[in-house]
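# Geometric and topological summary
Chain by chain, the residues:
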There are 2 protein chains.
Amino acid sequence: MRDLPFTLPALREAYAAGASPKDVIAEVYRRIANVNDPGIFIHLRDEAEAESEAESLGAFDPAKPLWGIPFAVKDNIDVAGMPTTAACPDFSYDPEADAFVVARLRAAGAIVIGKTNLDQFAAGLVGVRSPYPIPKNALDPAIVPGGSSSGSGVVVAHGIVPFSLGTDTAGSGRVPAALNNIVGLKPSLGAFSATGVVPACRSLDTISVFAMTVDDAYAVFELATAYDPADAWSRKIPAPPLSPVPPALRIGIPDAASIEFCGDDVQKASFDATVARLKDMGAAIVPVDFTPLYAVARMLYEGAWVAERHAVIEDRLRDKPETVHPVTRTIVEKALPLTATDAFRGIYRLKDLIRQAEPALASVDLLCVPTMPTFYTVADLEADPIGPNSRLGTYTNFVNLMDMCGIAVPVAARSDSRPGSVTLLAPKGRDSLVASLARNLEVVAGRTLGATTWPSPALSQAPNAVSVRDDEIAIAVCG
Amino acid sequence: MRDLPFTLPALREAYAAGASPKDVIAEVYRRIANVNDPGIFIHLRDEAEAESEAESLGAFDPAKPLWGIPFAVKDNIDVAGMPTTAACPDFSYDPEADAFVVARLRAAGAIVIGKTNLDQFAAGLVGVRSPYPIPKNALDPAIVPGGSSSGSGVVVAHGIVPFSLGTDTAGSGRVPAALNNIVGLKPSLGAFSATGVVPACRSLDTISVFAMTVDDAYAVFELATAYDPADAWSRKIPAPPLSPVPPALRIGIPDAASIEFCGDDVQKASFDATVARLKDMGAAIVPVDFTPLYAVARMLYEGAWVAERHAVIEDRLRDKPETVHPVTRTIVEKALPLTATDAFRGIYRLKDLIRQAEPALASVDLLCVPTMPTFYTVADLEADPIGPNSRLGTYTNFVNLMDMCGIAVPVAARSDSRPGSVTLLAPKGRDSLVASLARNLEVVAGRTLGATTWPSPALSQAPNAVSVRDDEIAIAVCG
């Protein structure tokens with residue numbers, strides 16, 4: 001059990017061979033103790049209680065796709081029986097019900113282990129904006145763990161659980177994946193119900209999935225996605241199976257004038273290598289001017305949308321400002337002088353920027369970007385709590401404002417052994433397309449999973465063709 | 001020429017028989033003089049100039065569907081060579097180019113006669129909020145002309161031009177139609193480009209069409225609609241030809257508990273008669289609770305969206321408040337205390353209300369409502385400039401916030417001889433469906449057109465079937 005890679009196929013195989021979920025749960029807690037990072041969980045479930053739930057599953061039921069699978073949940077998502085804090089102790093409440101998505105996963109047989117740490121109220125990409133102990137990056141404790149889904153990223157990277165739930169507004173489901181050498185799947189907005197989730201920016205939030213492999217992340221996506229009439233932002237988003245990608249995809253990348261690595265040439269070399277891989281696979285690479293996308297990205301924290309964050313904690317900021325993390329306070333207070341007129345002007349500007357970007361985006365099937373331009377250390381953030389965070393969002397902040405889906409996927413390690421990661425992005429509804437291509441990238445990466453020594457997966461048998469355009473059927477090419 | 005009904009088929013027939021556009025233009029100006037209402041036009045084109053443009057058309061060109069057709073344009077829509085005032089003289093500017101929609105209509109051979117009066121900055125449903133002389137209702141000068149497209153409604157009702165352009169945010173393209181016994185077509189948002197239009201609420205505005213008949217209004221719709229990359233709000237909206245409607249449409253009407261006539265039993269009887277007609281035609285009538293729709297309606301002026309109006313005249317309100325109509329000022333100043341946080345909360349509430357209304361709306365193909373609950377006189381508005389205006393918007397204010405298309409169509413005159421009108425509404429993209437059904441209603445109305453003695457049209461030959469659902473093809477039934 002100690003050597004068992006915690007991926008869905010490995011666990012399913014173990015269960016089919018007679019492993020007991022109680023033993024798997026015991027191994028989860030052994031690994032937690034072994035990792036010994038008090039920053040990962042805000043609330044760790046009592047081990048006996050988790051084992052008791054595992055035992056209550058009875059005999060192995062292969063019809064339940066997550067039977068006996070342990071997972072962790074970011075602490076801005078409700079799990080009945082555990083407090084929800086959003087990393088603000090004074091905000092803590094005891095939810096009566098599981099969040100809609102959590103309930104679906106539990107119904108599929110999964111077992112919640114605990115609630116993970118985050119940048120308070122999910123405002124940040126660094127993971128150090130929490131009053132709880134800061135989770136350590138799973139690969140290098142000097143580097144930030146990434147946020148806001150810090151604990152959910154780190155817990156998967158250590159192989160403690162095969163998947164976790166994060167949330168993603170500005171990139172909180174992608175940046176921790178890049179920093180911890182794992183997969184971060186950010187669904188199309190509305191694919192995952194927000195019922196039982198503490199909002200960050202309600203119009204832009206989504207639950208996200210961290211996993212070691214694309215297949216595992218997408219399996220969770222398929223199980224979790226469902227239309228929820230109780231959530232006004234829920235939408236019917238297609239979730240077809242992963243499939244071979246068409247050979248001649250047109251893939252947009254930031255053009256030479258607009259690509260940004262903040263001076264990190266190693267990151268540039270890593271990205272260039274991935275682009276070369278994509279060309280080898282038959283893709284046509286299309287340089288795209290990212291200037292309008294960066295302008296959109298800046299609107300998230302520097303424009304009207306910060307008022308959505310203010311809407312969540314307005315009373316708290318006024319009545320109990322001391323309960324809000326000082327950096328979070330600085331950010332959210334930017335909403336105070338903004339008028340409703342400013343908000344609508346922001347919406348107009350967003351529309352104009354999207355229109356500006358449209359011709360280039362319409363000319364490609366998807367985008368490939370570095371998940372982040374460079375790495376920052378915990379010390380960098382202590383010196384400047386805002387600037388590095390903003391730069392980490394270069395390739396993530398515009399995504400939800402532009403209604404795209406995306407997946408951050410590890411590629412080969414950089415020449416300095418830091419993890420390589422790119423994000424594939426496409427208009428909403430193409431979750432299957434970006435994941436299908438991400439799968440091809442991960443198998444050629446020749447890496448180990450997360451912070452473990454487990455090898456990356458081999459490409460398993462490939463199913464049907466994937467449609468890359470809303471209005472046409474792509475030709476199936478099995479490779 | 002004096003007796004020629006100014007409808008598109010009658011004018012086309014006259015041109016085909018050799019009539020001269022110069023003579024038609026001369027007749028337009030004769031009718032203007034005859035009607036003698038100085039409130040209709042803010043800028044009337046010089047007659048000689050209009051005649052000169054008519055002569056420049058050369059020989060009759062049946063390939064140009066609007067060859068030699070005179071029309072009028074609401075004075076918040078640009079026409080090159082005429083000032084745009086939005087009914088605020090101090091706001092006046094000389095546009096260099098025609099609005100996108102005006103240019104398309106002129107390219108089809110139409111001739112602009114002048115710019116029509118409106119409630120200043122298109123804020124109102126009454127037509128009396130203008131510093132220019134108030135247009136008189138074409139049927140009864142005691143009654144308000146309706147607004148904000150007051151002049152564009154009245155000028156068509158008098159038979160001066162066969163069609164005109166209005167705009168519609170809260171109902172400005174529908175209420176004047178009801179008050180003047182004509183058709184008011186309000187397209188799906190984005191079907192008509194907003195390039196060259198003074199915004200009212202930019203996210204909710206559309207140009208609209210007034211005409212004597214549904215066929216004429218829809219013909220203009222088909223010619224004017226086109227995707228405009230320069231307008232960030234432009235969308236690709238289908239514009240299939242009018243067609244026979246399926247026999248068993250499910251038509252929602254306000255249920256007994258939520259229907260509102262402000263005590264006007266004659267209006268209620270008129271509406272009931274139309275509902276009986278629809279039943280006779282084979283429709284299934286489905287009572288719908290309109291409570292959430294009314295809550296949406298109230299958000300337009302009493303909620304966050306008034307900030308969109310403020311965005312248009314913010315500088316003017318601050319620097320030259322005396323140039324703004326006092327009633328308009330009172331309305332738009334409601335935006336001053338609203339914060340960006342309030343704006344997003346408004347957006348959340350709208351989403352929730354739309355979700356509340358969805359199950360009922362999803363159960364019907366379209367809605368039929370009274371265009372307005374009752375009539376108001378100019379004296380009523382002098383006594384209370386706000387209340388009657390709000391009540392006129394009962395069945396119109398929610399429509400653009402809910403992304404619906406609609407058409408106001410005259411039905412049989414009320415028992416007191418005031419004009420009868422209903423509006424058919426459907427989700428965006430069903431412009432053809434609502435117009436096709438409206439056409440069936442107008443032919444059974446047995447009325448005269450506008451304020452003229454011209455008879456209502458006979459139902460001409462009917463083309464192909466119309467699809468009533470996005471996801472299915474309706475069965476063709478020619479009747």
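Look a little higher up for the structure.
Residues numbered from 1 in each chain as written. Chains lettered and ligands numbered in written order. Predicted model: local features only at pLDDT ≥ 70, side-chain atom pairs only at ≥ 80, totals over all residues. Heavy atoms only, no water.

Time to look at the relation of the copies chain B and chain A. With an axial shift of 0.0 Å and an RMSD of 0.0 Å, the rotation relating chain B to chain A amounts to 180°. Such a combination of turn and shift is consistent with a two-fold rotation axis. The fraction of interface residues of chain B whose copies in chain A are also interface residues reaches 100%, indicating that both copies meet through the same surface. (Least-squares fit on C-alpha atoms with pLDDT ≥ 70 in both. Contact = heavy atoms within 4.5 Å.)

A few words on the pairing of strand β2 (residues 70-74) of chain B. For a regular strand, the rule is simple: side chains alternate between the two faces of the sheet. Residue and element names in this part refer to chain B. When you tally the buried positions in β2, you get five out of five residues, the bulk of the element. Along β2, one buried face is formed by Pro70, Ala72 and Lys74 and the opposite face, lined by Phe71 and Val73, is buried too. In the classification by handedness, the crossover that spans β2, the intervening helix α4 (residues 100-107) and the parallel strand β3 (residues 111-116) is right-handed. (Buried < 20%, exposed > 50% of the residue type's maximum accessible area, 1.4 Å probe, protein only. Helix = DSSP H or I, 4+ residues; strand = E, 2+ residues; numbered from the N terminus. Right-handed = clockwise from strand over helix to strand, strands pointing away.)

Our next topic: the sheet that holds strand β6 (residues 207-211) of chain A. Residues and elements named next belong to chain A. Pairing is mixed across the open sheet formed by 11 strands, whose spatial order is β1-β3-β2-β4-β6-β5-β10-β11-β9-β7-β8. Two strands lie at the open edges of the sheet, namely β1 (41-44) and β8 (284-288), each paired on one side alone. Strand after strand, the sheet turns through a mean of 25° between neighbouring axes, direction not considered. Relative to strand β4 (residues 163-167), strand β2 (residues 70-74) is paired through three bridges, and the arrangement is parallel. Bridging from a neighbouring strand, Ala72 pairs with Ser164 of β4. Across the sheet, helix α16 (residues 431-443) is in contact with β5 (183-186), β7 (250-254), β9 (366-370), β10 (404-411) and β11 (420-427); its angle to β10 comes to roughly 10°. (Pairing = 2+ DSSP bridges. Axes fitted to C-alpha atoms, helices over the stretch in contact; angles between N-to-C directions.)

With that out of the way, let us pick up the packing of helix α9 (residues 291-302) of chain B against helix α12 (residues 340-362) of chain B. Think of two packed helices as two axes; the pair is described by the angle between the axes and how far apart they sit. All names here are of chain B. Relative to each other, α9 and α12 sit at 155°, their axes nearing to 9 Å. Considered as vectors, α9 and α12 are oriented roughly antiparallel to each other. Crossing geometry of α9 relative to α12 is assigned as left-handed. Contacts from Pro292, Leu293, Ala295, Val296 and Met299 of α9 reach α12 at Gly346, Arg349, Leu350, Leu353, Gln356 and Ala357. Considered class by class, the residues forming the contact of α9 with α12 number eight nonpolar, two polar and one charged. (Parallel < 35°, antiparallel > 145°, perpendicular 65-115°, else oblique. Left-handed = near helix turned anticlockwise from the far one by under 90°. Nonpolar A, V, L, I, M, F, W, Y, C, P; charged D, E, K, R; others polar.)

A few words on the nonpolar core. Counting 115 residues, the largest nonpolar core has A:Phe290, A:Trp305, A:Phe398, B:Phe290, B:Trp305 and B:Phe398 as the members making the most contacts within it. Setting aside residues no more than four positions away along its own chain, A:Phe290 makes contact with A:Ile253, A:Pro254, A:Ser258, A:Leu367, A:Val369, A:Tyr395 and A:Phe398. (Core = buried A, V, L, I, M, F, W, Y, C linked by side-chain atoms within 4.5 Å.)

For the rest of this paragraph, the subject is helix α8 (residues 265-280) of chain A. All names here are of chain A. Counted at 1.5 Å a residue, the expected span for α8 with its 16 residues is 22 Å, and the 22 Å between its end C-alpha atoms agrees. Within α8, the full set of buried residues consists of Gln267, Ser270, Phe271, Thr274, Val275 and Leu278. One side of α8 carries all its buried residues, which in axial view fall inside an arc of 140°. Away from its buried face by more than 90 degrees, α8 exposes Asp265, Lys279 and Asp280. For α8, the elements touching its buried residues are β7, β8, β9, β10, β11 and α16. Where α8 begins, the capping side chain belongs to Asp264, and its oxygen is found 3.1 Å from the backbone nitrogen of Val266. (Expected span 1.5 Å × (residues − 1). Arc of directions from axis to C-beta. Polar contact = N/O pair within 3.5 Å; in protein donor to acceptor, adjacent residues only side chain to side chain.)

Attention now goes to the pattern of salt bridges. Tallied over the full model, the rule gives 42 salt bridges over all chains. When the shortest N-O distance is used, the salt bridge between A:Arg318 and A:Asp319 registers 3.1 Å. The exposed category is assigned to A:Arg318, whose relative accessible area is 53%. Put simply, A:Arg345 and B:Glu314 hold a salt bridge, and the shortest N to O gap is 2.7 Å. Residue A:Arg345 is located in helix α12 (residues 340-362), and its partner B:Glu314 is located in helix α10 (residues 306-319); the two belong to separate chains. What you see here is one network of salt bridges that share partners, running through A:Arg45, A:Glu49, A:Glu53, A:Asp98 and A:Arg106. (Salt bridge = Lys/Arg side-chain N within 4 Å of Asp/Glu carboxyl O.)

What follows deals with the packing of aromatic side chains. Taken as a whole, this structure holds 28 aromatic pairs over all chains when the rule is applied. Pairing A:Phe290 with A:Phe398 gives two aromatic rings, centres 6.0 Å apart and planes at 85°, and the pair type is edge-to-face. Taken as a pair, A:Phe290 in the loop between β8 and α9 (291-302) and A:Phe398 in helix α15 (residues 397-401) lie far apart in primary sequence, 108 residues in all. Side by side, A:Phe290 and A:Phe398 carry an identical accessibility label, which is buried. Measuring from centroid to centroid gives 5.7 Å for B:Phe91 and B:Tyr93, while their planes differ by 80°, and the two rings are edge-to-face. Exposure remark for B:Tyr93: the relative accessible area of 28% places this residue in the partly exposed category. (Phe/Tyr/Trp six-rings, centres within 6.5 Å; stacked < 30°, edge-to-face > 60°.)

Just geometry here; none of it tells us what the structure is for.
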